[in-house]
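A structural walkthrough
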Amino acid sequence: MKFIIATIKPFKLEEVREALTSIGVRGMMVTEIKGFGSQSGHTEIYRGAEYAVNFVPKVKLEIAVSDAMADQVVETLQTTARTDKIGDGKIFVLDLAQAVRVRTGETNDDAL
């Protein structure tokens, strides 16, 4: 099993969710976050004063999938979330040691 963590631009969330659902992803966790990378923030003007915005709003997706689906999920995330502009996000893939469905006690792939 793999645990995929992706950060994407917030306005891409619905499009990414639809694309992942269409390839068989059955669930994900979504968190609104703030961060910076190469983009490293920007400046804005508010009431005539310029100020720095050091953290940019992003959405973090956490998705647990079987090993067989991992590459397809990463490819779908990459193509759907891309805007070809700085700050499109990152995708991390980690090995997932165990998963348990609380309601039924099913484990690992059956719990996904």
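Right above here is the structure, for reference.
Since this is a predicted model, take the numbers as computed values, not measurements.

Another aspect to go through is the pattern of salt bridges. Counted by the stated rule, this structure contains seven salt bridges. Here Asp-88 ties to Lys-9 by a salt bridge, and the two come within 3.7 Å at their closest N and O atoms. With Asp-88 in the loop between helix 2 (67-81) and strand 6 (90-95) and Lys-9 in the loop between strand 1 (2-8) and helix 1 (13-22), this pair connects stretches of sequence that are 79 residues apart. Exposure class is identical for Asp-88 and Lys-9. Each is buried. Note that Glu-14 is salt-bridged to Arg-17, the shortest N-O span being 2.5 Å. In this pair, Glu-14 and Arg-17 are both assigned in helix 1, three residues apart and thus about one turn of the helix distant. Assessed through its relative accessible area of 41%, Glu-14 is described here as partly exposed.

Glancing now at the sheet that holds strand 1. Whether parallel or antiparallel, the strands of a sheet pair through hydrogen bonds between backbone atoms. Across the sheet, which stays open at both edges, the four strands sit in the order 2-5-1-6 with antiparallel pairing between neighbours. A strand with exactly one partner marks an edge of an open sheet, and here the two such strands are strand 2 (29-35) and strand 6. Geometrically, the sheet is characterised by an average inter-axis angle of 20° between neighbouring strands, direction not taken into account. As paired elements, strand 1 and strand 6 share six bridges and run antiparallel to each other. Pairing of Ala-6 across the sheet is with Ile-91, part of strand 6. Along the sheet face, helix 1 touches strand 1, strand 2 and strand 5 (56-65) and points at about 10° away from the line of strand 5. In the packing of helix 2 onto the sheet, the strands contacted are strand 1, strand 5 and strand 6, and the crossing angle to strand 1 comes to about 5°.

Given a rise of 1.5 Å per residue, 15 residues ought to cover 21 Å, and the 22 Å separating the end C-alpha atoms of helix 2 matches this to within 8%. Listed in full, the buried residues belonging to helix 2 are Met-69, Ala-70, Val-73, Thr-76, Leu-77, Thr-80 and Ala-81. Burial along helix 2 is one-sided: seen end-on, the buried residues are contained in an arc of 140°. Looking at helix 2, the residues exposed on the side facing more than 90 degrees away from the buried face are Ala-68, Asp-71, Glu-75 and Thr-79.

Taken together, the buried positions of helix 1 are Val-16, Ala-19 and Leu-20. When helix 1 is viewed along its axis, its buried side chains cluster within an angular range of 95° and face the same direction. Those residues of helix 1 hidden inside the fold are in contact with strand 1, strand 5 and helix 2. Where helix 1 terminates, the next one or two residues include Gly-24, which has phi positive at roughly 110°.

Cut-offs applied
Residues numbered from 1 in each chain as written. Predicted model: local features only at pLDDT ≥ 70, side-chain atom pairs only at ≥ 80, totals over all residues. Heavy atoms only, no water. Salt bridge = Lys/Arg side-chain N within 4 Å of Asp/Glu carboxyl O. Helix = DSSP H or I, 4+ residues; strand = E, 2+ residues; numbered from the N terminus. Buried < 20%, exposed > 50% of the residue type's maximum accessible area, 1.4 Å probe, protein only. Pairing = 2+ DSSP bridges. Axes fitted to C-alpha atoms, helices over the stretch in contact; angles between N-to-C directions. Contact = heavy atoms within 4.5 Å. Expected span 1.5 Å × (residues − 1). Arc of directions from axis to C-beta.

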